[in-house]
Amino acid sequence: MPTESSVAAVDCPVLLQEAEVLLERGAHASAARRWREAAPVLREAGSAFLKVAAACPSVAIQANRQGDRATAELRLAERAMSHQSECLPRLDKALDLDLRATAARNDKGDPAEVERLLGEAEGVWREAVGLCQSPHREKAEKSLAATVRLRAANAELLSAGPACDAAWKSAGALVDYARGAWKDKRWDDAAMLYDKAAMAWEGAADKCSGTRQQQAQRKAEQTHVDAHNAEHCGPLWDAATDQAQRLKTNGANLSAGERDQLSIRAEVGWRDAATACRGVPQTLARTNADALARERGAPLPAQAMAMYGSKKLPPPGPVGVGSPPTGASPAPVVATASGAAGPIATPGNALVAGTRTAAATVNTPAPPKPVPIPARPADAPVVEPRAAPVADGVVVAGDTTYRGAFAIVSETGEVSGTGLVEWANGERFTGTLVKGRRQGKGRFNWVGGQWYEGDWVDDRAVGYGVIQFPGGNRYEGAVQDEEPGGRGTLVFASGDRYTGEFSRGLFHGQGTYAWKNGNRYEGAWVLGKKHGLGRLFWASGEGWEGEFRDDLKTDVGKDIAAAAPR
């Protein structure tokens, strides 16, 4: 080993200074993001500091410290080079494929072409997950999970066939035309087009299967309601809105008697609309009429409906709304017009299917999504919020039935209370509503047999809960962003069981998968696949431990002998 005596005394400071110059040059290039230029200079600087430390004991500590800095800068430069040459191109390519797939889906393009684009995007996202560093890796993982969900949804379109797709497009086009007529207040045209659209949705339900069939059936039901409202509700709603606007505009300049007379006419208009309308408009019309009566401080005169009401006969058929109990306010609809309060799990979903292998990706059905509250029409009169007295009873509003203690708490018809909410399609929620949104503990049951019971935050399933699927699979554990997220246990109908960490409904993190036949895997998972360090045991007791990649064993590992019997 060379000693300082073997080097001229002046050489050590010079050698150290030369190494420091290299370090500063490399650091400057790195700061300027010239990674390819910085890496070889920093590598040379690191070697120079090693030589100085070996030859010059008097400056060895300083040389080693600077050498560590050169090594750290080199790692940053190499990581940035890898991001530019490996990670970034894949992120760009995957995003481009996702964009093209989204455009094709929005244009109702060929599902086979959408599948090709999504499949290619999924492969590139998986490459990005393996190559990118944090935080780009986490972003790639999130995008990969989203692409996997889109492929699952598109798979149903592929299985539905061209007849279903064509019928779906025709029904959607008729609805668009009907909405245009409604917007222009061409009520006869709107009613005719909505009727035809309802027939088209019924045809789509006959041609489609699975979730698309259920969606078409719900759309047909809602479109029948829209057709009825275009024919019977729209003109009366316009007339009531006009009366209410006149009261709002001119009421301050009128005498008390004239103002009451105008209020009575407006209330009659809203009650006429409530008689003729169905669904959400019916609830809003009743809410507006009740608000005028409260504001005036007196009920309608006995002959008001006969004097100022519509002379048209009530529309044929039941409107589907019963009278609220005495003392209770009519409750608004808090579900969508179809009555669905959340998505129904797709038949092809892995958790519903009831069978499972550790090599497959796990996609969980989304827990109930937030249910939008019907918005008040822009031209409807503002009704001051009030806290209606809460009373136990049964209230029917549109296709929704409330059993328990509920009260209207806002001008938009939001409802609060505790009890049972039932929709016409058979779905149910038991728990608490706060301004129309599920909150606290509650249980939601779908028609197909699936249910979720647990925590709700602002109408979303968040916290801890249990999801039971129709195929017999059952999840219990943490729920995040309306999917299994955090630690939990998934028991399959087949007898297999997974306990560990989830992310966005997928096995992700550390977890153990136990097969019914006695095989077991313990270790790391990435988006539903064995990936990272883990141990695989067979029922015989033998095993293998090492590195897994994309659900497969790699060459890095070793066999585990079965434990000797005692």
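In this text the structure is predicted, and so the values were computed from the model without any measurement. (Residues numbered from 1 in each chain as written. Predicted model: local features only at pLDDT ≥ 70, side-chain atom pairs only at ≥ 80, totals over all residues. Heavy atoms only, no water.)

> Could you give an account of the packing of helix H1 (residues 11–31) against helix H2 (residues 35–55), with specific residues and numbers?
Across the interface, H1 lies against H2 with an axial gap of 8 Å and an inter-helix angle of 160 degrees. Between H1 and H2, the interaxial angle falls into the category roughly antiparallel. Note that H1 runs across H2; the crossing there is left-handed. Counting all contacts with H1, which are made through Leu15, Leu16, Ala19, Glu20, Leu22, Leu23, Arg25, Gly26, Ala27, Ala29 and Ser30, the residues of H2 involved are Trp35, Glu37, Ala38, Val41, Leu42, Glu44, Ala45, Ala48, Phe49 and Val52. (Axes fitted to C-alpha atoms, helices over the stretch in contact; angles between N-to-C directions. Helix = DSSP H or I, 4+ residues; strand = E, 2+ residues; numbered from the N terminus. Parallel < 35°, antiparallel > 145°, perpendicular 65-115°, else oblique. Left-handed = near helix turned anticlockwise from the far one by under 90°. Contact = heavy atoms within 4.5 Å.)

> Lay out helix H7 (residues 187–207) in plain terms, naming residues and giving numbers.
Spanning 21 residues, H7 covers 30 Å between terminal C-alpha atoms, matching the ideal 30 Å at 1.5 Å per step. Looking at H7, one finds that the buried residues are Trp187, Ala190, Ala191, Leu193, Tyr194, Ala197, Ala198, Ala200, Trp201, Gly203, Ala204 and Ala205. (Expected span 1.5 Å × (residues − 1). Buried < 20%, exposed > 50% of the residue type's maximum accessible area, 1.4 Å probe, protein only.)

> Lay out the environment of Gly119 in plain terms, naming residues and giving numbers.
With respect to the helices and strands, Gly119 occurs in helix H4 (residues 111–131). On the accessibility criterion, Gly119 (22% relative accessible area) is partly exposed. Put simply, Gly119 and Asp98 are 21 residues apart on the chain and 9.8 Å apart in space, counted from C-alpha to C-alpha.

> Tell me what's going on with the nonpolar core, and back it up with residues and numbers.
Counting 28 residues, the largest nonpolar core has Leu433, Tyr452, Tyr475, Phe507 and Tyr513 as the members making the most contacts within it. Looking at this core element by element, the count peaks at three residues for strand S3 (residues 415–423). Counting residues in each nonpolar core, the second largest holds 25 residues, with Ala39, Val41, Ala48 and Ala70 among its members. (Core = buried A, V, L, I, M, F, W, Y, C linked by side-chain atoms within 4.5 Å.)

> Break down the state of the cysteines for me, with residues and values.
Evaluated as defined, the whole model comprises three disulfides. Each disulfide pairs two cysteine sulfurs, and for Cys12 the partner residue is Cys56, the sulfurs being separated by 2.1 Å. With the S-S bond torsion at -90 degrees, the cross-link from Cys12 to Cys56 turns out left-handed. Here Cys12, found in helix H1, pairs with Cys56, found in the loop between H2 and helix H3 (60–106); they are 44 residues apart in sequence, far enough to count as distant. (Disulfide = S-S within 2.5 Å.)

> Explain the pattern of salt bridges residue by residue, including any values.
If you walk through the whole model with that rule in mind, you get 26 salt bridges. For Arg69, the salt bridge is made with Glu24, and the minimal N-O distance between the two is 3.0 Å. With Arg69 in helix H3 and Glu24 in helix H1, this pair connects stretches of sequence that are 45 residues apart. For Asp455, the salt bridge goes to Lys441, with nearest N and O atoms at 2.5 Å. Separated by 14 residues along the polypeptide, Asp455 in strand S6 (residues 451–457) and Lys441 in strand S5 (residues 437–445) bring together distant segments of the chain. Taking relative accessible area as the criterion, Asp455 reaches 18% and is therefore assigned buried. A cluster of three or more residues bridged by salt bridges with shared partners is formed by Lys93, Glu113, Arg116 and Glu120. (Salt bridge = Lys/Arg side-chain N within 4 Å of Asp/Glu carboxyl O.)

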